[in-house]
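Chain and residue survey
The chain contents come next:
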Amino acid sequence: MKKPLPKPLRHLAVIMDGNGRWAERRGLSRIEGHRAGAEAVRRTVEGCRELGITYLTLYAFSDENWQRPAEEVKQLMHLLRQFLRRRRQDLHKHRIRLLTIGDLSRLPKATRDDLSAAVEESREYENGVLVLALSYGSRQEIVRAARRFAHEVAEGRAAPEDLTTENFAHHLDTVGIPDPDLIIRTSGEMRLSNFLLWQASYAELWFTETLWPDFGQEELRKAVADFQGRERRYGRRG
Ligand code: IPE
Ligand code: IPE
Ligand code: MG
């Protein structure tokens, strides 16, 4: 682990966007763009390790992405399994724990099995945490959390008044994961697309025109340097 950054950046979250456009501009198929995107993931995980960023959350597949053509979804699921196979050694070597957020029940069983094996295998690792947001939608996550709490009330294990912002967060998929300090979105789109709506309350946002497959360590450093200059006031006086 490198020396800590002057302003703590524990958790970086990334909306990895622009794979399709990257491929289109090269006259390639969209899947080639996703494949190149997987390389950018590798570089970013490495960059975070070098910068001493402990948590990295990657928005890999949204709940809404299920509405894409079946062929693209299938290819993305295949790519995910390939990524898990290929990166397993790295996670092991660098003692990085793998976690997931999202509604995994919608993933194909083989993908789910590979994921739970990788998560299980890394559960004791403490050098860093890679969180994959898969079949993830923040509104859906919040509703699932509300439902869990409602069940506790229905079963007499909690009273409505027990609900606070702190313990509500314990019902979210991100339980145990600190809120993101910085969210990066590539490809020039300036929206959150249903990503970490609750958790991003006080996250700093950083946008770049760069398409995800072109994202690299230099740009990661630029984002982190920019973050270092931000004043995080949390509603207080500066
Ligand atoms: C991001 O790239 C990857 C996923 C959403 C799975 P896109 O596939 O959204 O690429 P663009 O936005 O069409 O360029
Ligand atoms: C957001 O990208 C989801 C992921 C990066 C996985 P999209 O390309 O799906 O988002 P929109 O449709 O442009 O908002
Ligand atoms: Mg997109």
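See above for the structure.
Only a predicted model underlies this, so the values are computations on that prediction, with no experimental measurement involved. (Residues numbered from 1 in each chain as written. Chains lettered and ligands numbered in written order. Predicted model: local features only at pLDDT ≥ 70, side-chain atom pairs only at ≥ 80, totals over all residues. Heavy atoms only, no water.)

Comments concerning the overall build of the protein chain
For the protein chain, the count of helices and strands is seven helices and six strands. In the protein chain, the succession of α and β elements from N to C terminus is β-α-α-β-α-β-α-β-α-α-β-β-α. Radius of gyration (C-alpha) of the protein chain: 18 Å, near the 18 Å computed for a compact globule of 238 residues. Relative to its full complement of 238 residues, the protein chain shows a buried share of 45%. Nonlocal contacts in the protein chain, meaning residues at least 24 apart in sequence, comprise 77% of its contacts between residues at least 6 apart. For the protein chain, the accessible surface area stands at approximately 12800 Å², while carbon and sulfur atoms represent 49% of it. Separation between the mean location of the 40 positive side-chain charges and that of the 35 negative ones in the protein chain comes to 3 Å. (Helix = DSSP H or I, 4+ residues; strand = E, 2+ residues; numbered from the N terminus. Rg over C-alpha atoms; globule rule 2.2 N^0.38 Å. Buried < 20%, exposed > 50% of the residue type's maximum accessible area, 1.4 Å probe, protein only. Contact = heavy atoms within 4.5 Å. Areas by Shrake-Rupley, 256 points an atom, 1.4 Å probe, with all protein chains shown as cover. Lys, Arg positive; Asp, Glu negative; His and termini not counted. Charge placed at Lys NZ, Arg CZ, Asp CG, Glu CD.)

With respect to the site of ligand 2
Lining the immediate environment of ligand 2, one finds I15, M16, D17, Y59, A60, F61, S62, N65, R68, R185, R191 and S193. With respect to ligand 2, the side chain of D17 contributes an N or O atom lying 3.2 Å from an oxygen atom. One of the side-chain nitrogen or oxygen atoms of N65 is found 2.9 Å away from an oxygen atom of ligand 2. For ligand 2, whose unbound accessible area comes to 390 Å², protein coverage reaches 78%. The cavity where ligand 2 resides is the largest pocket. Of all the elements, strand β2 (residues 55-62) adds the most residues to the shell around ligand 2, at four residues. Classifying every residue of the shell around ligand 2 by side-chain character gives five nonpolar, three polar and four charged. (Near = heavy atom within 4 Å. Polar contact = N/O pair within 3.5 Å; in protein donor to acceptor, adjacent residues only side chain to side chain. 1 Å grid on protein atoms, 1.4 Å probe; cavity = no way out; pocket = protein on both sides within 12 Å on 5 of 7 lines; lining within 4 Å. Sits in = over half its atoms within 2 Å of the grid points. Nonpolar A, V, L, I, M, F, W, Y, C, P; charged D, E, K, R; others polar.)

Some words on the pattern of salt bridges
Throughout the structure, instances matching the rule amount to 24 salt bridges. Of the charged contacts, one joins R35 and E32 as a salt bridge, the two residues approaching to 2.9 Å between their closest N and O atoms. Of this pair, R35 and E32 both sit in helix α2 (residues 30-51), three residues apart, roughly one helical turn. The exposure class assigned to R35 is partly exposed, which follows from its relative accessible area of 37%. On the accessibility criterion, E32 (30% relative accessible area) is partly exposed. In this structure, a network of salt bridges that share partners links the residues D17, R21, R185, E189 and R191. (Salt bridge = Lys/Arg side-chain N within 4 Å of Asp/Glu carboxyl O.)

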